[in-house]
Amino acid sequence: MASEEASLRALESLMTEFFHNCTTNERKREIEELLNNFAQQIGAWRFCLYFLSSTRNDYVMMYSLTVFENLINKMWLGVPSQDKMEIRSCLPKLLLAHHKTLPYFIRNKLCKVIVDIGRQDWPMFYHDFFTNILQLIQSPVTTPLGLIMLKTTSEELACPREDLSVARKEELRKLLLDQVQTVLGLLTGILESIWDKHSVTAATPPPSPSSGESGGDLLSSLLQSPSAAKLLNQPIPILDTESEYICSLALECLAHLFSWIPLSASITPSLLTTIFHFARFGCDTRARKMSSVNGSSQNSVLGQERGRLGILAMSCINELMSKNCVPMEFEEYLLRMFQQTFYLLQKITKENNAHTVKSRLEELDESYIEKFTDFLRLFVSVHLRRIESYSQFPVVEFLALLFKYTFHQPTHEGYFSCLDIWTLFLDYLTSKIKSRLADKEAVFNRYEDALVLLLTEVLNRIQFRYNQAQLEELDDETLDDDVRNRDLQQTEWQRYLRQSLEVVAKVMELLPTHAFSTLFPVLQDNLEVYLGLQQFVVTSGTGHRLNITAENDCRRLHCSLRDLSSLLQAVGRLAEYFIGDVFAARFNDALTVVERLVKVTLYGSQIKLYNIETAVPSVLKPDLIDVHAQSLAALQAYSHWLAQFYSEVHRQNPEQFISLVSTALEAITPLISSKVQEKLLLSACHLLVSLATTVRPVFLIRIPAVQKVFNRITDTSAQRLPDKAQVLVCRALSNVLLLPWPNLPESEQQWAVRSTNHASLISALTREYRHLKSSAILPQRKVRLEDTKVIIHQTLSILEDTVESISGESTKSRQICYQSLQESVQVSLALFPAFIHQSDVTDEMLSFFLTLFQGLRVQMGVPFTEQIIQTFLNMFTREQLAESILHEGSTGCRVVEKFLKILQVVVQEPGQVFKPFLPSIISLCMEQVYPIIAERSSPDVKAELFELLFRVLHHNWRYFFKSSVLASVQRGIAEEQMENEAQFSAIMQAFGQSFLQPDIHLFKQNLFYLETLNTKQKLYHKKIFRTTMLFQFVNVLLQVLVHKSHDLLQEEIGIAIYNMASVDFDSFYSAFLTEFLASCDGVDSNQKNVLGRNFKMDRDLPSFTQNVHRLVNDLRYYRLCNDSLPPGTVKL
């Protein structure tokens, strides 16, 4: 090697070149290789030590430290002990000499490297590692450095990474726990002394009452001790920059320590009180004001720093709060913590002449508010049940503070977070009332006022009338990006409304009468405005016009309509609280609501507000359409109530009921037209479906409005509705004819007439489709093909929906449905081969057949079902499958997946009917589909294929294992005869292969299938599995753990290994474990012996899985150590 000085100059110029923006990627790779080779040399660390002490180049220092890090974490075992001693003594000296001048990121990296040595060598070879840190903290000059070392030690040693053996991890944790008391004592001392030193002495006059700093009545009741209240009322000290820096480091250390140490007496009351003192920095608005008054940037930075101390202190508090397991002796500390935090809550929600609560919250740091909200959420979700029983804890006063805090949040997100807290509280209250029926009244009385206030305020918050400025900020255009579920995507406004209405609904559940009497009058007010619009409608040359033109009137109308729309949603959300046991008790309220809703929907349809011209069409027209749509949706929410009403009155005097339903239908029918906006049209269709499906009145078919819809849908000359609406209307009409009428015996169901009507309905809907059969055989021209596809799509979507909606109904309904569909089903089967190469058409056809198999397989009968399956099996040849999966992208894969789903339904069918298909289904899976997908990394088709194989085994166990009663009697244990052994083995092998692939979802699914087969059928105990497969599976699962490829499933894999091993523990311990270790490469025989010895022969699940994870961790650790040894190392 060249001289140190020359090497340093060369390294500096290389580093400068590497980071220069003109250097090419090619040259960067060369430099990188050069640096890596240098780092690998034995003794490179000596050069690095010289570089660190002699350079001012940041890049060079960082590189040198990386060389040390690599040496310590990956090669330490092979470093001679003399060199280790030298490194252990030089690096801390270097840190001490230069810590004040080094850039902070270099200093922190150097600290981490020293801590890494401690992780390996403390206490055996580096016994003064921790004492040095404690000394650094205690010496005023090096306190900050000591605190950085302490925090790094907590991070690296308490929860170490992979590269340590389990025994060492446990040892380090124990060593650290022994130091906790000392460390916490030191940190308490530092924070207290800085606070006391800077505290304003008693000579300062007390703050004047108007300044809003005085304690107040609640405080003394909260704290129970005047001295504590007095202490917390002291003004906040003004700290110099150095003290502030030390305090922030100390609080960061505490936050990390609290994340892993258990709650115990080491966390003393004085430490907690001190942390609370610092939490006050976050709610001190004066610091900010000072900085803005003085105007200097220095002061504004100071203000932010002080705010940061508050945030760090709250982080410490929240770490403690999030621990659910609280020892008895710690409960009192908790109570004290809550009291002190609520003092802070009172402080930040205090109103006075100078401040409103909202302006006060706006002045605080956003992160501080976030931490505070987190605290409140943890309090309510984890500790409220524990604390509520303390008589000295004023829960109702706490709710009053939370109320103020919630409704003065400066941001929408903050408000949402607070609503979540109220939801948690309401859930807690609901479950408490359900579990304690005896003192239910007492609980209600205690909280009633708070809940009514909450309800009123949340309702005000969703109304433009009270909250226009804030609501107009909400976006009602863009959907959020809920990737998990496209149907649940909502705009910011919808989310705001939905979360608010959930709170309203939970209050309704607890206080139904109050909630109703609060909500209904507000709804009524807005309805008056809406119903009064009729007088402003004038007829103009082009149609109807709304004669409201003044800008102010239009704005007021806009707000009123938006509010009406929200309140209609609220009323709909509460529908569930009027049915069931409380139907009779709350009947009058519900009837009032439903009558109003029916009236409003009819009014909207009659004066056609959705087609009216307005002065501001871009605003008022959508408003009018939305109100109309929401009134229909709200009425739909009461369909279960209408059904219960029907069953109560159908014998005596059903006039009132008949009138409600008939009027609702008069409101619906004018809207079922292709000229009506889709939003409104779909609301009308959904209401029609609910009346036909949920309420099912016997007279529905006789109502002229319904007959009008029948005629419109079956009339081929009428313009077709948009797809979604067409499907819904057809579902409603089909259900009117198919679903049994409630409250009537079988003899009065008039099935014959209804059957004829249903047949003619379906016949009319499928006329064009059935005509395709004759022309499908001819070669299609391009234009014809597109038209044909449209007919197929439109017809099949209706038929599929019709079948799906009655699949859970009585046999009679399904029989009639199948009779009407029979011809269309046969047409579909005849068309299928003609479209086998059009994957979009096959996809829709298979969807339809899948729905038929799921809903009507009994009605289709065996011969026809066999014909369908045979047709499919013939069509899906190996070539066709390959074309679909490999060349047609996602649609092709979907087609194959649906085909496999149909087969899943077939193999699950009990009885012997479809058993003859099993051999050809298994051979299709194993010989045709599996070879195509086995080697592909894409997950397409795999999940469905393995589900089918699982169903084949699960529902047809006897196909493989014939259990004879005689054999089990003779031997006392059934040793079944095995049949179709080759197919069984092939399926098991496919499962085994799937565990070697990266797809974690498939892995989880298949592991679950094997475990289910073991639970239900004792799979692991079968002779063939036990003797030829068991330990292969265990081996694969262990390798997966060692390679960390599916780490999220560690627990499930551990349990599966236990279930497999427990079939024959003796063989597992005596043979398998030894063989497994023998086959492991990268570890020597001595290490293998240690691994074997450490695996205790436990037979209970927790100990066994712990042993498995220990084996896996230590095996990885040994491999890491062995890789780091220099070449040619001789190990004894």
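Bear in mind that the values here come from a model prediction, so they are computed numbers and not experimental data.

## Observations concerning the pattern of salt bridges
(1) Moving on: Applying the stated criterion to the full structure yields 42 salt bridges.
(2) Moving on: The partner of Glu551 in a salt bridge is Arg555, with the nearest N and O atoms 3.0 Å apart. Of the two residues, Glu551 and Arg555 both sit in helix α25 (residues 551-573), four residues apart, roughly one turn of that helix.
(3) Moving on: The partly exposed category is assigned to Arg555, whose relative accessible area is 42%.
(4) Moving on: Among the ionic pairs, Asp843 bridges to Arg894, the shortest N-O distance being 3.1 Å. Here Asp843, found in helix α37 (residues 839-860), pairs with Arg894, found in helix α40 (residues 889-908); they are 51 residues apart in sequence, far enough to count as distant.
(5) Moving on: Given the relative accessible area of 8%, Asp843 is considered buried.
(6) Moving on: Accessibility expressed as a relative area gives 36% for Arg894, which makes it partly exposed.

## Focus: the environment of Cys247
(1) Moving on: Within the fold, Cys247 resides in helix α12 (residues 241-260).
(2) Moving on: Residues Cys247 and Leu147, spaced 100 residues apart in sequence, show a C-alpha to C-alpha distance of 9.8 Å.

## So, the packing of aromatic side chains
Any pair of aromatic rings gets described here by the distance separating the centres and the angle formed by the planes.
(1) Moving on: The final tally for this structure, using the stated rule, is 73 aromatic pairs.
(2) Moving on: Their ring planes at 75° and their centres at 5.3 Å tell us that Tyr530 and Tyr603 sit as a pair that is edge-to-face. Of this pair, Tyr530 sits in helix α24 (residues 512-531) while Tyr603 sits in helix α26 (residues 587-606), and the two are 73 residues apart along the sequence. There is no split in this pair, since Tyr530 and Tyr603 are both buried.
(3) Moving on: Here Tyr1117 and Tyr1118 contribute two aromatic rings whose centre-to-centre distance is 5.8 Å and whose plane-to-plane angle is 40°, an arrangement assigned as tilted.
(4) Moving on: Looking at Arg461, its charged tip hangs above the ring of Tyr415, at a distance of 5.8 Å from the centre.
(5) Moving on: The ring of Trp493 has Arg562 sitting right over it, with the charged end atom 4.8 Å from the ring centre.

## Points about the confidence of the model for the chain
It should be kept in mind that the predicted coordinates are not to be read in detail where pLDDT is low.
(1) Moving on: For the chain, per-residue confidence averages 86 on the pLDDT scale, and 91% of positions sit at 70 or higher.
(2) Moving on: Across residues 202-223, confidence stays below pLDDT 50; counting only partners more than four residues off in sequence or on other chains, it has 33 contacts.
(3) Moving on: Low pLDDT, under 50, characterises residues 287-300; the predicted model gives this stretch 10 contacts beyond four residues in sequence or across chains.

## A few points about the state of the cysteines
(1) Moving on: Scanning all chains against the criterion turns up zero disulfides.
(2) Moving on: In this structure Cys253 is a free cysteine whose sulfur lies 9.5 Å from that of Cys316, the closest cysteine sulfur available.
(3) Moving on: Given a relative accessible area of 2%, Cys253 falls into the buried group.
(4) Moving on: Considering cysteine sulfurs only, Cys559 is the nearest to Cys554, which forms no disulfide, with 11 Å between them.

## Considerations on the layout of surface pockets
The gaps of empty space that remain are located by a probe, the size of a water molecule, rolled over the atoms.
(1) Moving on: Taken as a whole, the largest pocket encloses approximately 1600 Å³ of empty space.
(2) Moving on: Lining the largest pocket are 45 residues, and of these Gln494, Gln569, Asp626, Gln630 and Lys679 sit closest to its centre.
(3) Moving on: Residue assignment for the lining of the largest pocket shows that the elements contributing at least two residues are α22 (464-473), α23 (492-510), α25, α27 (617-637), α30 (678-695) and α32 (723-738).
(4) Moving on: Element by element, the count of residues in the lining of the largest pocket is highest for α27, at 12 residues.
(5) Moving on: The residue inventory of the lining of the largest pocket, partitioned by class, reads 18 nonpolar, 14 polar and 13 charged.

## Section: the environment of Pro160
(1) Moving on: Topologically, Pro160 is positioned in the loop between α8 (143-158) and α9 (166-198).
(2) Moving on: A residue is classified by how much of its surface remains accessible, and Pro160, at 18% relative accessible area, is buried.
(3) Moving on: Along the chain, Pro160 and Lys440 lie 280 residues apart, while their C-alpha atoms are 50 Å from each other.
(4) Moving on: Contact partners of Pro160, with chain neighbours within four places excluded, come to Arg119 and Lys169.

## Comments concerning the side chain of Arg586
(1) Moving on: Looking at where Arg586 falls in the secondary structure, it is placed in the loop between α25 and α26.
(2) Moving on: For the buried Arg586, no salt bridge is present, and the opposite-charge side chain at shortest range is Asp589, 6.7 Å distant.
(3) Moving on: Non-local contacts of Arg586, meaning those with residues more than four positions away in its chain, are made with Pro512, Tyr577 and Phe578.

## A look at the side chain of Thr601
(1) Moving on: Its place among the elements puts Thr601 in helix α26.
(2) Moving on: In this structure Thr601 comes out as buried when scored by relative accessible area, which is 0%.
(3) Moving on: A distance of 2.8 Å separates a polar side-chain atom of Thr601 from the backbone oxygen of Val598.
(4) Moving on: The residues contacting Thr601, other than those within four sequence positions of it, are His628, Ser631, Leu632, Leu635 and Ala667.

## A closer look at the packing of α12 against helix α13 (residues 269-279)
Geometry of a packed helix pair, given as the angle between the helix axes and the separation of the axes.
(1) Moving on: One can describe the packing of α12 onto α13 by two numbers: an axis separation of 12 Å at closest approach and a directional angle of 125°. The orientation of α12 with respect to α13, classified from their angle, is oblique. The hand of the α12/α13 crossing is left-handed. Here Cys247, Leu251, Leu254 and Phe258 of α12 lie close against α13, whose contacting residues are Leu271, Ile275 and Phe278.
(2) Moving on: For the contact of α12 with α13, the class distribution of residues is seven nonpolar, no polar and no charged.

What counts as what
Residues numbered from 1 in each chain as written. Predicted model: local features only at pLDDT ≥ 70, side-chain atom pairs only at ≥ 80, totals over all residues. Heavy atoms only, no water. Salt bridge = Lys/Arg side-chain N within 4 Å of Asp/Glu carboxyl O. Helix = DSSP H or I, 4+ residues; strand = E, 2+ residues; numbered from the N terminus. Buried < 20%, exposed > 50% of the residue type's maximum accessible area, 1.4 Å probe, protein only. Phe/Tyr/Trp six-rings, centres within 6.5 Å; stacked < 30°, edge-to-face > 60°. Lys NZ or Arg CZ within 6 Å of the ring centre and 35° of its normal. pLDDT = per-residue confidence, 0-100. Contact = heavy atoms within 4.5 Å. Disulfide = S-S within 2.5 Å. 1 Å grid on protein atoms, 1.4 Å probe; cavity = no way out; pocket = protein on both sides within 12 Å on 5 of 7 lines; lining within 4 Å. Points joined across faces, edges and corners; volume = space filled by probe spheres on them. Nonpolar A, V, L, I, M, F, W, Y, C, P; charged D, E, K, R; others polar. Lys, Arg positive; Asp, Glu negative; His and termini not counted. Polar contact = N/O pair within 3.5 Å; in protein donor to acceptor, adjacent residues only side chain to side chain. Axes fitted to C-alpha atoms, helices over the stretch in contact; angles between N-to-C directions. Parallel < 35°, antiparallel > 145°, perpendicular 65-115°, else oblique. Left-handed = near helix turned anticlockwise from the far one by under 90°.

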